[in-house]
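# Examining the three-dimensional arrangement
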Amino acid sequence: MPRVGVNGVELFYEVGGDGDPLVLVHGSWGDHGNWAPVLRALALRFRVLVYDRRGHSQSERPPGRGSRFEDEEDLAVLMETLGFAPAYVAGNSFGASTALGLAARRPELFRGLVAHEPPLLGVVADDPELLPVMAATRDKIASVLAHLRAGETLAGARQFVEEVALGPGEWDQLPEQLRETFVANAPTFLDEQSDPGWADLDLGRLSGYTAPALLTTGTESPPWFAVIAARLTGALPQVRTHTFEGAGHIPHVSHPDAYAERVTGFFEGTSRTS
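Residues numbered from 1 in each chain as written. Predicted model: local features only at pLDDT ≥ 70, side-chain atom pairs only at ≥ 80, totals over all residues. Heavy atoms only, no water.

## Considerations on the overall build of the chain
Stated precisely, the cut-off is as follows: Under the DSSP-based scheme used, a helix requires at least four consecutive residues in state H or I and a strand at least two consecutive residues in state E, with every element numbered from the N terminus. As a reference, a globule follows 2.2 Å times the number of residues to the power 0.38, and the radius of gyration itself is taken over C-alpha atoms. Three exposure classes are used, based on accessible area relative to the maximum for each residue type with a 1.4 Å probe and protein chains only: buried under 20%, partly exposed in between, and exposed over 50%. In this analysis, two residues are considered to be in contact whenever any of their non-hydrogen atoms come within 4.5 Å of each other. Note on areas: these come from Shrake-Rupley sampling with a 1.4 Å probe, and a residue is covered only by the protein chains present in the view. Charge assignment: positive for Lys and Arg, negative for Asp and Glu; neither His nor the chain ends contribute. Note on charges: their place is set at NZ of Lys, CZ of Arg, CG of Asp or CD of Glu.
On a plain count of helices and strands, the chain comes out with eleven helices and eight strands. Over its C-alpha atoms the chain spans a radius of gyration of 17 Å, differing by no more than 12% from the 19 Å that the globule rule assigns to 274 residues. Once the C-alpha set of the chain is aligned to its principal axes, its extents read approximately 50 × 45 × 30 Å. Looking at the chain residue by residue over its 274 residues, the buried ones come to 52%. Pairs at least 24 residues apart make up 76% of the contacts formed inside the chain by residues separated by at least 6 positions. Surface exposure of the chain reaches about 11300 Å², of which carbon and sulfur atoms provide 50%. Taken as two groups, the 22 positive and 36 negative side-chain charges of the chain have centres that lie 4 Å from each other.

Here it is as structure tokens:
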């Protein structure tokens, strides 16, 4: 089981494929296994690094409250330690927030970036049209956290999937292994939500990231993800956008062929341009 010491914690990782370096950063509740549906296709073109973020699955879960900044620093050191810097980076959900936060501070680590639906609610907190939706979303997240604090991890995971991230009925549609991963990693969501800066990003600093970026959303996702993507688009100097038709918050799971094709095509295009 390959693990490497990063910022005082042991992180699990796997490397496969051959070609330009590509790092995949998973979202909340998940782990490296979430990328399995697209891994083979991406490894045909890239040398791919997947890993479990701190506190998740096979990586060490240190005591005390963590922060997204720690995840960003972990990603930076992991890339440098394993010879993946600079690399193409693709992140989903909280993993996309992590990648964007690091890109704003350490742009030299990136050849290009794909971010799918980062839950950066702080960057749209001033949007009056979203205020009712944001309030309802925060209430649902608070209910999820109440379940987790009470030790009701299954109920919390199901509510998060069906009322926050994916939609009604979606929990039962997830692969069994993914549902088990959600439940096992439930405590990390409590940790993430206790970080006061989890939903924020300095858009002024992000504008200093000048490498190519692709922001993606899904037609079946909650509407505020598209508004966040639009706000981020205004901050990034070299950005493209794409919407996955029929997909939601985890297109690499629900629409793996379309996701792998879009990521590969985008990064190959940036390579030719460079």
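## Focus on the packing of helix α4 (residues 131–149) against helix α5 (residues 153–165)
The condition is simple: In this analysis, axes come from line fits to C-alpha atoms, helices being fitted only over the stretch in contact, and the angle between any two N-to-C directions falls in the range 0 to 180 degrees. Should an angle fall under 35 degrees it is called roughly parallel, over 145 degrees roughly antiparallel, and 65 to 115 degrees roughly perpendicular, with every other angle called oblique. Here a crossing is taken to be left-handed if its near helix is turned anticlockwise relative to the far helix by less than a right angle, and right-handed if that turn runs clockwise. Each residue gets one label: Ala, Val, Leu, Ile, Met, Phe, Trp, Tyr, Cys and Pro are nonpolar, Asp, Glu, Lys and Arg are charged, and the others, such as Gly, are polar.
Contact geometry of α4 with α5 gives a least axis separation of 7 Å together with a crossing angle of 165°. As far as their axial angle goes, α5 and α4 are roughly antiparallel. The hand of the α4/α5 crossing is left-handed. Each of K140, I141, S143, V144, H147 and L148 in α4 lies in contact with α5, whose residues at this interface are T153, A155, G156, Q159, F160, E163 and V164. Tallied by class, the residues present in the contact of α4 with α5 amount to six nonpolar, five polar and two charged.

## A look at the nonpolar core
In plain terms, the rule: In plain words, nonpolar cores are sets of buried Ala, Val, Leu, Ile, Met, Phe, Trp, Tyr and Cys residues tied together by side-chain atoms within 4.5 Å.
Ranked by size, the top nonpolar core spans 48 residues in total, and within it V23, L206 and Y209 carry the most contacts. Counting residues per element, this core draws most heavily on helix α3 (residues 94–105), which supplies seven residues. Filtering out sequence-adjacent residues up to four positions away, L206 remains in contact with L100, A104, L201, L232, A235 and L236. Grouped together as the second largest cluster of nonpolar side chains are 19 residues, Y88, V114, Y259 and F266 included.

## Things to note about the pairing of strand β7 (residues 213–218)
Heads up, the rule is: When DSSP finds two or more bridges between a pair of strands, those strands are recorded as paired. Viewed with both strands pointing away, a crossover whose connecting path from the first strand over the helix to the second turns clockwise is right-handed.
Most of β7 sits out of view: six of its six residues are buried. Bridge count between strand β6 (residues 110–116) and β7: four bridges; the pairing is parallel. Bridged to A115 within β7 is L215. The pairing of β7 with strand β8 (residues 239–244) spans six bridges and is parallel. Across the sheet, residue T216 finds its bridge partner in β8, namely H242. Running through helix α9 (residues 224–235), the crossover from β7 to the neighbouring parallel element β8 is right-handed.

## A few points about the pattern of salt bridges
Selection criterion: Salt bridge, as applied in this entry: a Lys or Arg side-chain nitrogen positioned within 4 Å of an Asp or Glu carboxyl oxygen.
Under the criterion given, the structure shown has 15 salt bridges. For D20, the salt bridge goes to R45, with nearest N and O atoms at 3.2 Å. Remark: R45 occurs in the loop between α1 (36–43) and β4 (46–51) and D20 occurs in strand β3 (residues 20–25); sequence separation between them is 25 residues. Of the charged contacts in the structure, one is a salt bridge between R54 and E70, with a shortest N-O distance of 3.5 Å. Taken as a pair, R54 in the loop between β4 and α2 (68–81) and E70 in helix α2 lie far apart in primary sequence, 16 residues in all.

## Here's the deal with α5
For α5, the full list of buried residues reads G156, A157, Q159, F160, V161, E162, V164 and A165. Considering only its buried residues, α5 is in contact with α4, α6 (176–184), α7 (186–193) and α9. Positive backbone phi, approximately 130°, marks G167, located one or two places after α5.

## Considerations on the packing of aromatic side chains
Counted only if it meets this: Each Phe, Tyr or Trp ring, with Trp reduced to its six-membered ring, pairs with another whose centre is within 6.5 Å; inter-plane angles below 30 degrees give stacked pairs, above 60 give edge-to-face pairs, and intermediate values give tilted ones.
One pass over the full model with this rule turns up 13 aromatic pairs. Arranged with centres 6.1 Å apart and planes meeting at 85°, the rings of F46 and F267 form a pair that is edge-to-face. Taken together, the residues span a long stretch of sequence, with F46 in strand β4 and F267 in helix α11 (residues 256–273) at a distance of 221 residues. Judged on exposure class, the residue F46 and its partner F267 are both buried. With 5.6 Å between their ring centres and 50° between their planes, F266 and F267 make a pair best called tilted. For the pair F266 and F267, one class covers both residues: buried.

## Comments concerning the sheet that holds β3
Pairing within the open sheet is mixed, and its eight strands lie in the order β1-β2-β4-β3-β5-β6-β7-β8. Two strands in the sheet have a free side with no partner beyond their single neighbour: β1 (3–6) and β8. Averaged over all pairs of adjacent strands, the angle between strand axes in this sheet comes to 25°, irrespective of strand direction. Two elements, β1 and strand β2 (residues 9–17), share four bridges in a ladder whose sense is antiparallel. Bridge pairing in β2 places V6 opposite V9.

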